[in-house]
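Residue-level structure breakdown
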Amino acid sequence: MASLVFSAASVEIEERPSRQPVPKGTYSAMITESEMKPTKRGDGRYLQLVWEITKGEHKGRMIWDRLNVENPNPTAVKIAQQDLAAICTAMGKGGIDDSDELHYKEITIAVQVSPASNGYEASNEIKGYAAPAGAAPVAPAAPAPAAFVDDIPGGAPAKPWEK
């Protein structure tokens, strides 16, 4: 138990922002937080992204996005990789080494409302990512060309069966 002296009479109660999902639409937003978290089953990890809407009537509202980057379901991983690639491309990045590189870069997100189900309230789901209007997204970097034996100093390394 904590000893606490508090008087509610001295506190002005302000109206809190709505907890209802934002309406379906496109919004300017940026990632303000990112964190790798274990999946509920513990057999994978997801990248949780917190998006903050930066303009318009819903400015300041947050939307949570989860990308299943490590999962036994290959379809979930493929979708996460496609979403992460779309985010990087919209931000003008060919790739990243750390999710912090995605923070505070404004892009456009397409948001839908998922209806309430299984005891959960209605929520927002991000269904698309795009460069802000007027910005040209960068194309993903091309893979490095293959090295030829003549390009390797000292020639080709010995094959395992030739050792």
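The structure displayed is predicted, hence computed values, not measured ones. Along every chain, residues carry numbers that run from 1 in the direction the sequence is written. Two thresholds apply to this predicted model, a pLDDT of at least 70 for residue-level local features and 80 or more for giving and counting side-chain atom pairs, whereas whole-chain, interface and lining totals are computed over all residues. Heavy atoms throughout the structure, all of them, feed into the side-chain values; hydrogens and water do not.

1. Notes on the pairing of strand β4 (residues 107–114)
- Bridging between strand β1 (residues 25–38) and β4 involves 5 bridges; their strand directions are antiparallel. When the sheet's bridge partners are listed, Tyr27 is paired in β4 with Ile109. Two strands form a pair only when DSSP identifies at least two bridges running between them. Only DSSP runs of H or I with at least four residues qualify as helices, and only runs of E with at least two residues qualify as strands; both kinds are numbered from the N terminus onward.

2. Details of the side chain of His58
- Position of His58 among the secondary structure elements: in the loop between β2 (45–53) and β3 (62–70).
- Working definition: with a 1.4 Å probe on protein chains only, accessible area under 20% of the residue-type maximum means buried, over 50% means exposed, and in between means partly exposed. Taking relative accessible area as the criterion, His58 reaches 16% and is therefore assigned buried.
- We call two residues in contact when some of their heavy atoms are within 4.5 Å. If near-sequence neighbours (up to four positions away) are discounted, His58 is found in contact with Val22, Pro23, Tyr27 and Ile53.

3. Section: a nonpolar patch on the surface
- Patch construction takes residues with relative accessible area above 30% that form no salt bridge. Like charges are linked within 9 Å, and nonpolar side chains (Val, Leu, Ile, Met, Phe, Trp, Tyr) are linked within 5 Å. Accessible areas in this description were obtained via Shrake-Rupley with a 1.4 Å probe; residue shielding takes into account the shown protein chains only. Throughout this description, the term salt bridge denotes a Lys or Arg side-chain nitrogen within 4 Å of a carboxyl oxygen of Asp or Glu. On the surface, Leu4, Phe6, Val11 and Ile13 cluster together to form a nonpolar patch covering roughly 510 Å² of accessible area.
- Residue placement: Leu4 occurs in the segment before β1.

4. Things to note about the pattern of salt bridges
- Inspection of every chain in the model, using the stated rule, returns 3 salt bridges.
- Arg45 is the salt-bridge partner of Glu70, the closest N and O atoms lying 3.1 Å from each other. On the criterion of sequence distance, the pair formed by Glu70 in strand β3 and Arg45 in strand β2 is long-range, its members being 25 residues apart.
- A residue is classified by how much of its surface remains accessible, and Arg45, at 36% relative accessible area, is partly exposed.
- Between Glu125 and Lys127 there is a salt bridge whose closest N-O contact spans 3.1 Å.

5. Some details on the sheet that holds β2
- Across the sheet, which stays open at both edges, the 5 strands sit in the order β3-β2-β1-β4-β5 with antiparallel pairing between neighbours. At either margin of the open sheet sits one strand with a lone partner, and together these are β3 and β5 (123–130). Across the sheet, the mean angle from the axis of one strand to that of its neighbour is 45°, orientation sign disregarded.
- Where helix α1 (residues 74–90) meets the sheet, its contacts fall on β1, β2, β3, β4 and β5, and the angle it forms with β3 comes to roughly 125°. Helix axes are fitted to C-alpha atoms over the stretch in contact, other axes to C-alpha atoms as well, and angles between N-to-C directions run from 0 to 180 degrees.

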